[in-house]
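# Observations on the three-dimensional arrangement
Below are the chains, spelled out letter by letter.
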Amino acid sequence: MFLLAKIEDVSHEFIPLEKRNNKASEMFFTWFSASTVSTTLVTGALAILVGLDFLWATISIIVGHAIGAVIMALHAAIGPKSGLPQVVQSRAQFGYYGAILPMVIIFTMYIGYGSTNTVVVGQGLQETLGLNLNLMVILSLIPTVLIAIFGQSILQKSLKVFTIIFIFIFVILTILLFANLNNTQLISGEFNLSAFILMASICVTWQITYGPYVSDHTRFIRPEESKKTFYYSYAGTFLSSAWLMILGALSASMVTDGNVMGQINSLGTIGWIIAFLLTIGILIINSLNIYGAGIILLSIISNFIPFKTTAKLRVIASIAIAFTIALIATVGAGNFMANFQMYLVFILFFIIPWSTITLMDFFVLGRSHYHHSEYGKKDGIFKAFNTKTIAVYLITILIQVPFLNTEIYVGPIAKAMNGVDIAWIIGIIVAATLYYVLIKITVPVLSSSNTPSLEE
């Protein structure tokens, strides 16, 4: 009972003002930590592998994250205003039951990233300790699920310590890499536009995938700190993502096979320690996936069975999600895991129109001041389904298809553009335009003027 008393006892519910104890400044640590993993480093190496030199790789990484972090941070700013998880807030745009569509898609994203991250940690520990992979996968999930279960109090403290440690590690890694450049040529003088756009797009979409996560944590911040929340979230996610990806590009410039982790390991004992820490760092970051997946799972259930979340219920949901992740990570090997990773690429193009519609509705159209009680009503002002929004969402997804460039499908327009994938740009433009016009030329489905404000 003592432990249960310390466990967070909310999921899909509105967080009242008296329980909002988080500070906007804490979001810097949360979102700096989120990208301090080996995957970020490896992703940065892609800039070199697609044909950019280090100078243009650095510029493309900075430009991409600078743009994408705006979208991510805008989602963060919604949390203090709404007091709700982002997926629950989607009921205002998609309808009470219509919001289940993006909820399910985002839930699979959480499970997908949680599973692939767990495999990466398991493999890293296996190589280091020489133990069974499946055993390492299961053991690695224990601290991850515990942090997710206890929630914000433990999560924010852990991520703050994590950030301080990794800023120190980033500095050391930066010094080590530049000290070992030798005769490496970093600037070729050539510019590849297609490669530049590709890498910038990768960085933009990297940030967009954080959109569903952020309000899970910023809803514990008071409304008057919304603007600060934007800036702290932006600073944290931009700095860590850009910094580590640039180091990945620098490391890739020093090798011929693109093996950046191998290059870091070759820097001696310190390099090995850094590579190891970047690998096991995923343990804490993966708790964000389990925490978010638990909120969505209980949110979906609440659509059909109204209930108030308890500590026991959160424990059950978190363990069920951890079990699912362990099952996929251990049984789902070989081709299945490879195919699942490709599926995660496609998930992004379902996230983009959802993100655009949400931000348009909240910030541009100003449809944001609904009383929190409306989000829990099956027959409230949001109606069961908002068919117009769902239509915009699905149309946008279809329009993106010709612009896609993935391992299993390359759209005709992407082929004509030498493989450049601008589907995310098209998705944002189409979703924003269609949704804005839809609201302006039709009688609004909702009217915020006749409902109490969120803070009432």
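In short, a report on the structure. Counting starts from 1 at the beginning of each chain's written sequence and moves along it residue by residue. With pLDDT at 70 or above as the cut-off, local features in this predicted model cover only qualifying residues; side-chain atom pairs require 80 or more to be listed or tallied, and sums for whole chains, interfaces and linings still use all residues. Just so you know, side-chain values use all the structure's heavy atoms and leave hydrogens and water out.

### With respect to helix α8 (residues 133–150)
End to end, α8 covers 27 Å across 18 residues, agreeing with the expected 26 Å (1.5 Å per residue, within 8%). By definition, a residue's bend is the angle between the axes fitted to the seven residues ending there and the seven starting there. Put simply, DSSP H or I for four residues or longer makes a helix, DSSP E for two residues or longer makes a strand, and each gets a number counted from the N terminus. Of all bends in α8, the biggest is about 25 degrees, found at I142, and the proline P143 comes one to four residues later. Inspection of α8 places M136, V137, S140, L141, T144, V145, I147, A148 and I149 among the buried residues, and these make up the whole buried set. Here the expected span of a helix is defined as 1.5 Å times the quantity of residues minus one. Any residue under 20% of the maximum accessible area for its type is buried, any over 50% is exposed, and the rest in between are partly exposed; the area is computed with a 1.4 Å probe on protein chains only.

### Some words on empty space enclosed by the protein
For each structure, a 1 Å grid was placed over the protein atoms alone; sets of points admitting a 1.4 Å probe that cannot get out are labelled cavities, open sets with protein on both sides within 12 Å along at least five of seven lines are labelled pockets, and lining residues have an atom within 4 Å of a point. Grid points are joined across faces, edges and corners, and a volume is the space filled by probe spheres set on the points. Summed over all chains, the structure comprises 1 cavity of 30 Å³ or more. Taken as a whole, the largest cavity holds about 50 Å³ of empty space. Along its surface, the largest cavity is lined by S11, I290, Y291, G294, I295, L298, R314, A317 and S318. Listing elements by their share of the lining of the largest cavity, those giving two or more residues are α15 (282–302) and α16 (311–331).

### Looking at a nonpolar patch on the surface
Among the surface-exposed residues, L131, L135, L139, I142 and L146 lie close enough to one another that they form a single nonpolar patch of about 410 Å² accessible area. Within the secondary structure layout, L135 lies in helix α8. The patches described consist of residues with a relative accessible area above 30% and no salt bridge, like charges being joined within 9 Å and nonpolar side chains (Val, Leu, Ile, Met, Phe, Trp, Tyr) within 5 Å. Using a 1.4 Å probe, the Shrake-Rupley method yields the accessible areas, and only the shown protein chains count as cover for residues. Within this document, salt bridges are pairs made up of a side-chain nitrogen of Lys or Arg and a carboxyl oxygen of Asp or Glu, the two lying within 4 Å of each other.

### Looking at the packing of aromatic side chains
Each aromatic ring pair is described using two quantities: the centre-to-centre distance and the angle formed by the ring planes. Only rings of Phe, Tyr and Trp enter the pairing, Trp through its six-membered ring, and a pair is recorded when the two centres are within 6.5 Å. The plane angle decides the type: under 30 degrees is stacked, over 60 is edge-to-face, the rest tilted. What the rule picks out here adds up to 23 aromatic pairs. Here Y97 and F304 contribute two aromatic rings whose centre-to-centre distance is 5.8 Å and whose plane-to-plane angle is 40 degrees, an arrangement assigned as tilted. With Y97 in the loop between α6 (91–94) and α7 (100–129) and F304 in the loop between α15 and α16, this residue pair connects regions lying 207 residues apart in the sequence. You can call Y97 partly exposed: its relative accessible area is 23%.

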